[in-house]
Amino acid sequence: MSNAITIDRLTPTIGAEISGVDMSQPLGNETFAAVHDALMAHGVIFFRDQDITPEQHKDFASKFGHLQVHPFAPNHSEEHPEIIVIEHGPKRKPDLNNWHTDVTFMEEPPMGSVLHAKIMPETGGDTMWASMYAAYEALSDRMQRLLGELTAVHDYEHVFGRTGRLYRNQGDGKMDTERKKHPPAEHPVIRTHPVTGRQGIFVNSSFTTHIKDMKQKESDALLAFLHEHVKQAEFQCRFRWKKNSVAFWDNRCTQHYAIADYFPEHRQMHRVTIDGDRPQFRAN
């Protein structure tokens, strides 16, 4: 029941740890509402000691929307294609250490993700999240107005494509098929959250290639400023994982960074991603 749930904020800006939720059990209406409201309020929420099966992981996430099958990332199995396996260790150095918002190269980027820690190093392997609400609100009024008029282009080619740094060797046929499905997408630089109505920065260093209708040098300079701006510690929280910890973040108003400080130790995570909607900007 929701009255057994406690919520402890990690920072004044972003993040909260929730106790009193058992993801191995069906999510009742009151508990769903409490978890949903906490996610809207804090951007990313954390749970401890969730010893859940792949089915239970998917069941929990699916209460919040339709589950996505990632076009490139390695999945758990044919039985569970919705579960992405993120794994690094002695034979594969961690390679996700940059600030980003997930899968913004799609016309309808994800609403959020639920990440379950399966195997963790003794120390290290933390993840940081940053509030794009706070990053937007720290800008001057004039910069906010300028950014609200702009559209950015997002693409996956340099990350997942033939020359990309992640998930190579997909095969030319798959690359061609996915390119037809996912041509470069255009999104507003400032996104209005569809539930809270708050404004947040919606460009990221992984997938945003340029700002539409700007000269390349202008676009590069503005994006470089924004990518640096969102890194400020005042916008962030940091989570120390333990086995069976879970993070659930709102992909529409946050960025995250997986800290690559644990090589050659083993770290394995299972991620389920929830479909979202087309980003929009509505002036206040």
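Residues numbered from 1 in each chain as written. Predicted model: local features only at pLDDT ≥ 70, side-chain atom pairs only at ≥ 80, totals over all residues. Heavy atoms only, no water.

Overview of the pairing of strand β3 (residues 44-47)
- Here β3 shows no split at all, with V44 and F46 on one side and I45 and F47 on the other all buried.
- Sheet analysis places strand β2 (residues 16-19) next to β3, joined by two bridges and oriented parallel. Looking across to β3, one finds that E17 is bridged to F46.
- Crossover handedness for the path β2 to helix α1 (residues 29-42) to β3: right-handed. (Buried < 20%, exposed > 50% of the residue type's maximum accessible area, 1.4 Å probe, protein only. Helix = DSSP H or I, 4+ residues; strand = E, 2+ residues; numbered from the N terminus. Pairing = 2+ DSSP bridges. Right-handed = clockwise from strand over helix to strand, strands pointing away.)

Section: the state of the cysteines
- Counting across every chain of the model gives zero disulfides.
- Counting only cysteine sulfurs, C253 is the nearest neighbor of C237, a cysteine outside any disulfide, at a range of 11 Å.
- The class for C253 is buried, based on a relative accessible area of 3%. (Disulfide = S-S within 2.5 Å.)

Here we look at the sheet that holds strand β14 (residues 254-258)
- With antiparallel pairing, three strands are arranged side by side in an open sheet as β12-β6-β14. Because the sheet does not close on itself, it has two edges, and the strands there are β12 (236-239) and β14. With direction set aside, neighbouring strand axes in the sheet form an average angle of 20°.
- With four bridges connecting them, strand β6 (residues 127-131) and β12 associate as antiparallel partners. (Axes fitted to C-alpha atoms, helices over the stretch in contact; angles between N-to-C directions.)

Notes on the sheet that holds β2
- Taken together, the seven strands give an open sheet; going across it, the order is β1-β2-β3-β13-β5-β15-β4, and neighbouring strands pair in mixed fashion. One side of each edge strand has no neighbouring strand; the edge strands of this open sheet are β1 (6-9) and β4 (83-88). The average undirected angle you get between the axes of adjacent strands in this sheet is 25°.
- Pairing geometry for β4 and strand β15 (residues 267-274), over six bridges, is antiparallel. Note on β15: the bridge partner recorded for I84 is R271.
- Its contacts with the sheet put α1 on β1, β2, β3 and β13 (246-250), and the angle it makes with β3 is roughly 130°.
- The sheet contacts of helix α2 (residues 54-62) involve β3, β4, β5 (112-119), β13 and β15, and relative to β15 the element is tilted by about 35°. (Contact = heavy atoms within 4.5 Å.)

The values reported here are purely geometric and, on their own, carry no functional implication.
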